[in-house]
Amino acid sequence: MDAVSLSTLLAAAAMAGWVDAVVGGGGLLLLPALLVAAPGLPVATALGTNKLAAIFGTATAAATYARRTTVDWPVVVPAAGLAVVSAGVGAALAGAVPASAYRPVVLVVLVAVAVFVLLRPRLGVVGVPRRRTPVRVVAVVAVAGVGIALYDGLIGPGTGTFLVLAFTALVGADFVHGSAMAKVVNAGTNLGALVVFGVTGHVWWLLGAAMAVCNIAGAVVGARMALRRGSGFVRVVLLVVVLALVAKLGHDQWVAR
């Protein structure tokens, strides 16, 4: 890999760490960057290398949030435990997903996320504690710890964003606290997937370690900024990131062919 490609990947890792810490979805920046910088790289190896970088960033962001705000541990601990297993299962099946399916699947999911957030302007701006009922707690643990975690191991990009939306929509967390909870579960999904990708030889260890350093730096800045500027800021960043990525993936899918 030449110096320009390496520098681009390191910059993408730092930006992905920032995005992940604020709203999640950093993989939507870093995974395509890996596939472009290393043509011919198997999708499973790109996913595994991305996980190596991401686990350090998400763990750093989770620790930053935990020190500065409250985390709903009775929800996130069981969700994170399930997430390790579910993401591992998804990673084991990752080779069954053809590369051609990656872009349209993520594109459809992102459009759905954008529409959902736009149609609910108050979602996540202010917490709604009354939504945290026992039934909803079980539901969000299952959705985050099984459904979203399985997706993370199988495909990956956008997981953090989906986790934030699950915690805000199902148990009434605001975006800042939803992001804090998402980071803990996302660290679990990254761990489960990384173990499987590592065992099967689908991790580019040296490159992933270099990207991890940049990812950590971006995660620290992003988490602190989200905590300082609040839920309104997080919502705006979420919409900007999702809409920009929809435009990019749509261009790559239909225009750049």
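An account of the accompanying structure is given in this report. The model shown is predicted, which means the values in this text are computed figures rather than measured ones.

What follows concerns the overall build of the protein chain. Secondary structure assignment for the protein chain yields 10 helices and zero strands. Reading the secondary structure of the protein chain in the N-to-C direction produces α-α-α-α-α-α-α-α-α-α. Computed over C-alpha atoms, the radius of gyration of the protein chain comes to 17 Å, within 12% of the 18 Å expected from 2.2 N^0.38 for 257 residues, which places it in the range of a compact globule. Dimensions along the principal axes, computed over C-alpha positions, put the protein chain at roughly 50 × 35 × 30 Å. Residues classed as buried in the protein chain amount to 56% of the 257 residues present. The contacts in the protein chain between residues at least 6 apart in sequence include a share of 83% that link residues at least 24 apart.

Once that is clear, we can look at helix H6 (residues 134-154). Here H6 spans 29 Å end to end across 21 residues, near enough to the 30 Å set by a 1.5 Å rise per residue. For H6, every residue scored as buried is listed here: Val137, Val140, Val141, Ala144, Gly145, Ile148, Ala149, Tyr151, Asp152 and Gly153. Once H6 ends, the next one or two residues include glycine 156, with phi positive near 105 degrees.

Glancing now at the packing of aromatic side chains. Scanning the model with the defined rule gives two aromatic pairs in all. Relative to phenylalanine 233, the ring of tryptophan 18 lies with its centre 6.4 Å away and its plane at 85 degrees, an arrangement referred to as edge-to-face. Here phenylalanine 233 lies in helix H10 (residues 231-255) and tryptophan 18 lies in helix H1 (residues 3-22), a separation of 215 residues in the sequence. Ring centres 5.5 Å apart and planes at 65 degrees place the aromatic pair tyrosine 151 and phenylalanine 162 in the edge-to-face group. One end of the pair, tyrosine 151, is in helix H6; the other, phenylalanine 162, is in helix H7 (residues 159-171), with 11 residues separating them in the sequence.

On to the environment of alanine 94. Within the secondary structure, alanine 94 is located in the loop between helix H4 (73-92) and helix H5 (99-119). With relative accessibility at 4%, the residue alanine 94 sits in the buried group. As for alanine 94 and alanine 209, which are separated by 115 residues in sequence, their C-alpha atoms are 22 Å apart. Discounting residues that sit within four places of it in the chain, alanine 94 has contacts with Leu47, Gly153, Leu154 and Phe197.

On to the pattern of salt bridges, then. Here the structure, examined in full by the defined rule, presents two salt bridges. Aspartate 152 is the salt-bridge partner of lysine 51, the closest N and O atoms lying 2.4 Å from each other. One end of the pair, lysine 51, is in helix H3 (residues 43-68); the other, aspartate 152, is in helix H6, with 101 residues separating them in the sequence. Residue classification places lysine 51 among the buried positions, given a relative accessible area of 2%. Note on aspartate 152: relative accessible area 1%, which makes it buried. A salt bridge links arginine 132 to aspartate 72; its shortest N-O distance comes to 2.5 Å. Note that arginine 132 is positioned in the loop between H5 and H6 and aspartate 72 in the loop between H3 and H4, a separation of 60 residues in sequence. Residue classification places aspartate 72 among the buried residues on the basis of a relative accessible area of 19%.

Let us now look at helix H8 (residues 175-199). Compared with an ideal rise of 1.5 Å per residue, which puts 25 residues at 36 Å, H8 spans 35 Å between its outermost C-alpha atoms and is within 8% of the ideal. For H8, a buried count of 20 out of 25 residues is recorded, marking the element as mostly surrounded by other parts of the structure. Of the residues flanking the start of H8, the one acting as N-cap is aspartate 174, its side-chain oxygen 3.0 Å from the backbone nitrogen of valine 176. Of the residues flanking the end of H8, it is glycine 201, one or two places downstream, whose phi is positive at about 80 degrees.

Quick look at the environment of phenylalanine 162 now. Accessibility expressed as a relative area gives 13% for phenylalanine 162, which makes it buried. Placed 137 residues apart in sequence, phenylalanine 162 and glycine 25 show a C-alpha to C-alpha distance of 8.2 Å. Contact partners of phenylalanine 162, with chain neighbours within four places excluded, come to Val109, Val113, Ile148, Tyr151 and Pro157.

Definitions and cut-offs
- For every chain, the first residue of the written sequence is number 1, and numbering continues from 1 onward in sequence order.
- Two thresholds apply to this predicted model, a pLDDT of at least 70 for residue-level local features and 80 or more for giving and counting side-chain atom pairs, whereas whole-chain, interface and lining totals are computed over all residues.
- Side-chain measures here rest on the full set of heavy atoms in the structure, leaving out hydrogens and waters.
- Secondary structure elements follow DSSP: runs of H or I of four or more residues count as helices, runs of E of two or more count as strands, with numbering from the N terminus.
- Just to be clear, the radius of gyration here is over C-alpha atoms, and the globule rule we use is 2.2 Å times residues to the power 0.38.
- Partly exposed residues are those whose accessible area sits between 20% and 50% of the maximum for their type, while under 20% is buried and over 50% is exposed, using a 1.4 Å probe and protein chains only.
- Residues are treated as being in contact if the distance between any of their heavy atoms lies within 4.5 Å.
- One less than the number of residues in a helix, times 1.5 Å, gives the span that helix is expected to have.
- Aromatic rings from Phe, Tyr and Trp, with only the six-membered ring used for Trp, were paired whenever their centres fell within 6.5 Å, and each pair was classed as stacked if the ring planes differed by under 30 degrees, edge-to-face if by over 60, and tilted otherwise.
- Just to be clear on terms, a salt bridge is a Lys or Arg side-chain nitrogen sitting within 4 Å of an Asp or Glu carboxyl oxygen.
- Here a polar contact is recorded for every N or O atom pair within 3.5 Å, except that within protein the pair must consist of a potential hydrogen donor and a potential acceptor, and residues adjacent in sequence are included only if both atoms are side-chain atoms.

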